[in-house]
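Coordinate analysis (summary)
The primary structure of each chain is shown beneath.
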There are 2 protein chains.
Amino acid sequence: MKGIANAPEMIEVESGSIITPKGFHANGVYTGVKRKRLDLGAIYCDVPASSAAVYTCNRIQAAPLQVTKESIMKEGKLQAIVVNSGNANACTGERGVKDAYEMRKASAAHFHVPEHYVAVTSTGVIGEYMPMDKVLPGIEQLKPEASLEGAEAFNQAILTTDTMNKKTCFQTTVNGKVVSIGGVAKGSGMINPNMATMLSFITTDAVIEPPVLQQALSQITNKTFNRITVDGDTSTNDMVVVMASGLAGHETLTPEHPDWLAFYQALKQTCESLAKKIARDGEGATKLIEVQVNGALNDEEAGKIAKKIVGSDLVKSAVYGADANWGRIICAIGYSGCEINPETIDIAIGPIQTLQNSQPLVFSEEAATAYLQEEETVFINVDLHIGTGTGKAWGCDLTYDYVRINAGYRT
Amino acid sequence: MKGIANAPEMIEVESGSIITPKGFHANGVYTGVKRKRLDLGAIYCDVPASSAAVYTCNRIQAAPLQVTKESIMKEGKLQAIVVNSGNANACTGERGVKDAYEMRKASAAHFHVPEHYVAVTSTGVIGEYMPMDKVLPGIEQLKPEASLEGAEAFNQAILTTDTMNKKTCFQTTVNGKVVSIGGVAKGSGMINPNMATMLSFITTDAVIEPPVLQQALSQITNKTFNRITVDGDTSTNDMVVVMASGLAGHETLTPEHPDWLAFYQALKQTCESLAKKIARDGEGATKLIEVQVNGALNDEEAGKIAKKIVGSDLVKSAVYGADANWGRIICAIGYSGCEINPETIDIAIGPIQTLQNSQPLVFSEEAATAYLQEEETVFINVDLHIGTGTGKAWGCDLTYDYVRINAGYRT
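Please read all numbers here as calculations on a predicted model, not as lab measurements.

What to know about the sheet that holds strand β11 (residues 346–349) of chain A
Residues and elements named next belong to chain A. Reading across from one edge, β13-β12-β11-β14-β10-β15 is the order of the 6 strands in this open sheet, with mixed pairing throughout. Both outer strands of the open sheet, β13 (359–360) and β15 (389–396), are each paired with one neighbouring strand and no more. Along the sheet face, helix α6 (residues 260–280) touches β10 (288–296) and β15 and points at about 40° away from the line of β15. Packing of helix α10 (residues 365–374) onto the sheet brings it into contact with β11, β12 (352–356) and β14 (377–383), and relative to β14 it is tilted by some 125°.

Structure follows, in C-alpha cells:
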C-alpha cells in the first residue's frame, strides 16, 4: 500500500466490492417484478452496523424512504438492506406505505433481526402498487454470501436502464489496521431520465458511531453525488446508505482521531468514484465531463457554477461535437445566479486557454478539436478571479441525433 | 368588433403586423452576415415613440443591450430599432461595445434622428466580432415601409433557426378610438438551443407615457415571455421592446384610465400569443403544452410550478409518447421548491383526471392516449389545494430519436 507523501494513504482495490469490508454479505434474486433480470437484492451484515443515509430532496418521497428513515432514526444501526427494482413504490398512498412496512417485516423475519435493523429501497415505475405476491416469496430466497458473485448479483438486481455496473472499493489504514470501503450504485443517464433514480450502497468495516458517520456522509454527498447532473429531474426515490460494521478493530473514529482524514478521504473517494461512474453512464454518452471552478465567492458558489456548466445542454452538445465553444460556458456562468465579475473570467478547455479576463484568446481550433475528440474525460477549467472558492461537478456529453444537428456549428 | 360581456373588447387581426399601428414602418435587407438569408432589419416610427424594454437576466449581457438600455433610459423614447442576425456581438469586450455604438450612430445618421432614439439588437454567434464592413453598408440600405411586405422582410431578417414566422396583432378601443398592437418575435426551440436568443418587438399607436408602458411590459413579461421554456439556458441577448407612437389619438393611458384594462389585456394577449408561438416552434415539436396550476400558495409559486412541469424532459417526452404519465408531473411538482401538501394534489391531462388527493384514479388509458395523440395543444391542469394562487406556463413536446427510446413506456 503506497501513499503520496503528506496525503492520507489510500489505495483503490480493483477487485473489491461491497463484500470486501469485514462482515458483509450480498446477493440478488429474480422474482418477476422485472421481466427477465434479477430484481431483488440484499446486503447483510454479521453485526448491527452503524448506519447513515441521505435521501432525495423531492417533496414527494416514495414509501420505502419513509420506512428506511424510521429504521435508521431509531438506533442508527442496520443489519440488512433489501432493494427491489422494477417498481418504485412511489405515489402509492397508504397502501404503498403498508407494502413497504410489510417488506421490512418479512425481511426482518427472514434475517432474524429486529425490524428497525432493516432498510427497504425500491426503484422503477412510479404510481403502481408493489406486486407483493412476487416480492414476499423473493425475500425468502435471499441468501447473501461474502463472495464476489454475491456482490455482483446484488449489483445486477438494483439496476434499471444502466448500461454498466458501478462498483468501487478503497482501502486506507486507521491505527495501523486496514479499513475497507466498498460501494455500488445505480443510476441512468439524463437521456433516459424516467428511471433516473440514483441509489448507492456503501459498506465499510470502520469503527464509527452513527452520528459521526451521518455527518461525514452528508458533507461528502454534497460534494460528490450532489455534483453530478442526471437530467435536472430529482427522483422521488434517490438514496445513499452507508453501513459500518466496525469489524476493522481500530479505535473509534471521530473527527479528532489522528487518522480521521484518511478515513474521510477514502469515503469521499468512494462516493466520488461512484458519482463519476453514474455520470459516465449517461445512455449513449461517450465522455465524462469534469468542470473545475476556482476563484468563486465561496466553495458553495463554485460548486453551483460548475454544476450549471456541466448541466447545460449547450455545453454537453458542444463537447460531443468536439467544438471548443467557450461562449456556451460563459453563458451558463452568467445565468448561474452566482456572484461574478463579467470582466475577469478565464476559461480553459483541457490544455487550451480560450478566454482570459473575459476576452477571447486566439487558440488553435485544431488542437482544441483534437483534445475534445481524443480524450475520454474532458476537463473544463474556469477561474472567476473574485474569491477563493473552488468546486467540481461531473456530467456527460449529449450524443443523440437531435444534438447532432446542433453540435456541428459554432454559436 | 365584438367583445365578451364584461370583458374588455379585443379582436385579433389575422392580417395585422408591426406596421398595423399608426406611424410604423419596417423592412429587412441582406448584408452577408448570414450566408444567404436576410440578416438586417429596422422598425421606424414617424414620431418619437414612448418605449419600454425588458432584458435577459443573464449576468453576461451582450454589447447591444448595454447601448439600447442607454438609449431608452435617456428619454424613454425610440424612433428606430435596428436588428441584425447571424452575430450576437456578445462576449466581444470593448470592441463589441464600440461596434454597437457605431451601429447606433450610423443608424441615427441614416434615419436623421438623435442617437438615443435608436435601439440596436443582435442575435447569432457568441464571441465573434461584428463584421462591421457588412453591417454598416447594410444600414444604408434600410428603407422601412408601412407595408406587409416590409413587416415580413423585417421578420425574416431577425430569424436564426426558427422554422416559422411569429407575428400577431390585436386591436381594442380606448376612448372610442381603435388602438392597434402588433408584435413579432424570434426564438428557437430547446432542441436547437445554441441560437436560443428570444427577441420580440411590439408596436402600438396607443398614447402612453414611457414609465407606465414600462410597468405594464414588465408585469406582462413575467406572465408571458418568462413563462415559456426554451431550454433552461438564458441567452445573453434576450430582449423585448415595445414602442408606442401615440397616434391613436385618445387620452393618455394610465392605470386610472377607464379603458386601461382593455389596453393592458390587449398588450398581454399580444405577448402571450408571441410567447406561445415561440414555445410551439421548438424544432421538431409537434405539440404546444399548456400547464395551468391552481390552488398554489400564491400566483408566483403557481407560475413557478407550472414552468417546472412544462420544462421537465420527462413530461415533454411523455406527451410525445402519448403517455398519460402523471407520475412525472407529480415528480416535477415535488422538486419545484414550492410549498405543497403531498397528500392533496389533483392532476388532469386534458379531460382525463388521473390523480385526486394524490391518489391514483382508474382512468381509460385509451381515452388518454387518444387525447394526447389527437390534440395539437395539450392541457395539463394541476390543483394543489393549499391556497388561491394560479399560474400558467407553455412549452412543447420532445420528439427526437433519443426521446423516442424513452417515451414508449410508463415509469
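What follows picks up the thread again.
Description of the sheet that holds strand β14 (residues 377–383) of chain B
All names here are of chain B. Spatial ordering of the open sheet is given by β13-β12-β11-β14-β10-β15, a layout of 6 strands whose pairing is mixed. The outermost strands of the open sheet, each flanked by one partner alone, are β13 (359–360) and β15 (389–396). In this sheet, β14 lies alongside strand β10 (residues 288–296) in parallel orientation, the contact comprising 7 bridges. Each residue of the ladder has a partner; that of Asn294, found in β14, is Asp383. With respect to the sheet, helix α6 (residues 260–280) is in contact with β10 and β15, its orientation differing from that of β15 by roughly 40°. The strands that helix α9 (residues 326–334) touches are β11 (346–349), β12 (352–356), β13 and β14; relative to β11, the one it contacts most, it runs at about 135°.

With respect to the side chain of Ser17(A)
All names here are of chain A. Along the chain, Ser17 turns up in the loop between β1 (11–12) and β2 (24–29). We classify Ser17 as buried; its relative accessible area is 2%. Setting aside chain neighbours within four positions, we find Ser17 in contact with Leu148, Ala151, Lys167, Thr168, Cys169, Gly182 and Val184.

Brief notes about the domain arrangement of chain A
Residues and elements named next belong to chain A. On domain assignment, one finds that chain A holds domain 1 (11–278) and domain 2 (288–407). The straight-line distance from the C-alpha centre of domain 1 to that of domain 2 is 33 Å. Contacts between domain 1 and domain 2 engage 10 residues on the former and 15 residues on the latter. Taken together, both faces of the contact between domain 1 and domain 2 bury some 1,100 Å²; the carbon and sulfur share is 59%.

Remarks on the state of the cysteines
Considering all chains together, one arrives at 0 disulfides over all chains under this definition. With no disulfide of its own, Cys271(A) has Cys169(A) as its nearest cysteine by sulfur position, at a separation of 13 Å. We note that Cys396(A) lacks a disulfide partner, and the nearest cysteine sulfur, in Cys331(B), lies 19 Å from it.

Points about the confidence of the model for chain A
Here chain A shows a mean pLDDT of 87. Residues at 70 or above account for 90%. A low-confidence stretch, residues 189–195 of chain A (pLDDT under 50), is modelled with 35 contacts involving residues beyond four sequence positions or located in other chains.

Focus: the UniProt feature "binding site: substrate" (unreviewed entry) in chain A
Residue and element names in this part refer to chain A. In this numbering, the UniProt entry assigns the feature "binding site: substrate" (unreviewed entry) to Thr160, Lys186, Thr197, Glu283, Asn406 and Thr411. Turning to its location among the elements, Lys186 is positioned in strand β7 (residues 177–186). Lys186 gets classed as buried once you look at its relative accessible area, which sits at 0%. Among the polar contacts made by the side chain of Lys186, one reaches the side chain of Thr123 at a distance of 3.0 Å.

Brief notes about the environment of Gly391(A)
All names here are of chain A. Among the secondary structure elements, Gly391 is positioned in strand β15. On a C-alpha basis, the gap between Gly391 and Val241 in space is 24 Å, while along the polypeptide they are 150 residues apart. Ignoring any residue separated from it by four or fewer positions in sequence, one finds Gly391 in contact with Arg227, Val291, Gln292, Val293, Ala302, Gly303 and Ala306.

Looking at unusual backbone geometry
The phi dihedral of Asn357(A) is positive, around 50°, even though this residue is not glycine. Here Asn357(A) falls in the partly exposed class, since its relative accessible area comes to 42%. The backbone of Ala322(B) sits at a positive phi, close to 55°, despite the residue not being glycine. Tracing the backbone through its elements, the reader meets Ala322(B) in the loop between α8 (313–320) and α9.

Considerations on a positive patch on the surface
A cluster of basic residues, Lys304(A), Lys308(A), Lys304(B) and Lys308(B), forms a positive patch at the surface. Of all the secondary-structure elements, those providing two or more residues to the positive patch are α7 (299–310) of chain A together with α7 (299–311) of chain B. Along the polypeptide, Lys308(A) turns up in helix α7.

Section: the pattern of salt bridges
Summed over the entire model, instances satisfying the criterion amount to 14 salt bridges over all chains. Among the ionic pairs, Lys223(B) bridges to Asp299(B), the shortest N-O distance being 3.8 Å. Of the two residues, Lys223(B) is situated in helix α5 (residues 210–223) and Asp299(B) in helix α7; the sequence distance between them amounts to 76 residues. Residue classification places Asp299(B) among the partly exposed positions, given a relative accessible area of 34%. Taken together, the salt bridges that share partners define one network made up of Glu272(A), Lys276(A), Glu290(A) and Lys392(A).

Some thoughts on the packing of aromatic side chains
The geometry of an aromatic ring pair is captured by the separation of the ring centres together with the interplanar angle, meaning the angle of the planes. Enumeration according to the criterion identifies 8 aromatic pairs over all chains in this entry. Aromatic pair Trp260(B) and Phe263(B): ring centres 5.9 Å apart, planes at 50°, arrangement tilted. In this pair, Trp260(B) and Phe263(B) are both assigned in helix α6, 3 residues apart and thus about one turn of the helix distant. According to the relative accessible area criterion, Phe263(B) is buried, its value standing at 0%. For the ring pair Trp260(B) and Tyr264(B), a centre distance of 6.0 Å and an interplane angle of 40° mean the geometry is tilted. On the criterion of helical spacing, the pair formed by Trp260(B) and Tyr264(B) is a turn pair, its members being 4 residues apart in helix α6. Here Trp260(B) and Tyr264(B) have matching classes, each one buried. Connected via pairs of aromatic rings, a cluster forms that spans Trp260(A), Phe263(A) and Tyr264(A). One cation-aromatic arrangement involves Lys69(B) over Tyr55(B); the distance from NZ or CZ to the ring centre is 5.0 Å.

The rules behind these values
Residues numbered from 1 in each chain as written. Chains lettered and ligands numbered in written order. Predicted model: local features only at pLDDT ≥ 70, side-chain atom pairs only at ≥ 80, totals over all residues. Heavy atoms only, no water. Pairing = 2+ DSSP bridges. Helix = DSSP H or I, 4+ residues; strand = E, 2+ residues; numbered from the N terminus. Contact = heavy atoms within 4.5 Å. Axes fitted to C-alpha atoms, helices over the stretch in contact; angles between N-to-C directions. Buried < 20%, exposed > 50% of the residue type's maximum accessible area, 1.4 Å probe, protein only. Domains from an automatic or database assignment. Buried area = accessible area lost by both parts, 1.4 Å probe. Disulfide = S-S within 2.5 Å. pLDDT = per-residue confidence, 0-100. UniProt positions renumbered as here; feature names shortened; annotations may be inferred. Polar contact = N/O pair within 3.5 Å; in protein donor to acceptor, adjacent residues only side chain to side chain. Patch = residues over 30% accessible without salt bridge, like charges linked within 9 Å, V, L, I, M, F, W, Y side chains within 5 Å. Areas by Shrake-Rupley, 256 points an atom, 1.4 Å probe, with all protein chains shown as cover. Salt bridge = Lys/Arg side-chain N within 4 Å of Asp/Glu carboxyl O. Lys, Arg positive; Asp, Glu negative; His and termini not counted. Charge placed at Lys NZ, Arg CZ, Asp CG, Glu CD. Phe/Tyr/Trp six-rings, centres within 6.5 Å; stacked < 30°, edge-to-face > 60°. Lys NZ or Arg CZ within 6 Å of the ring centre and 35° of its normal.

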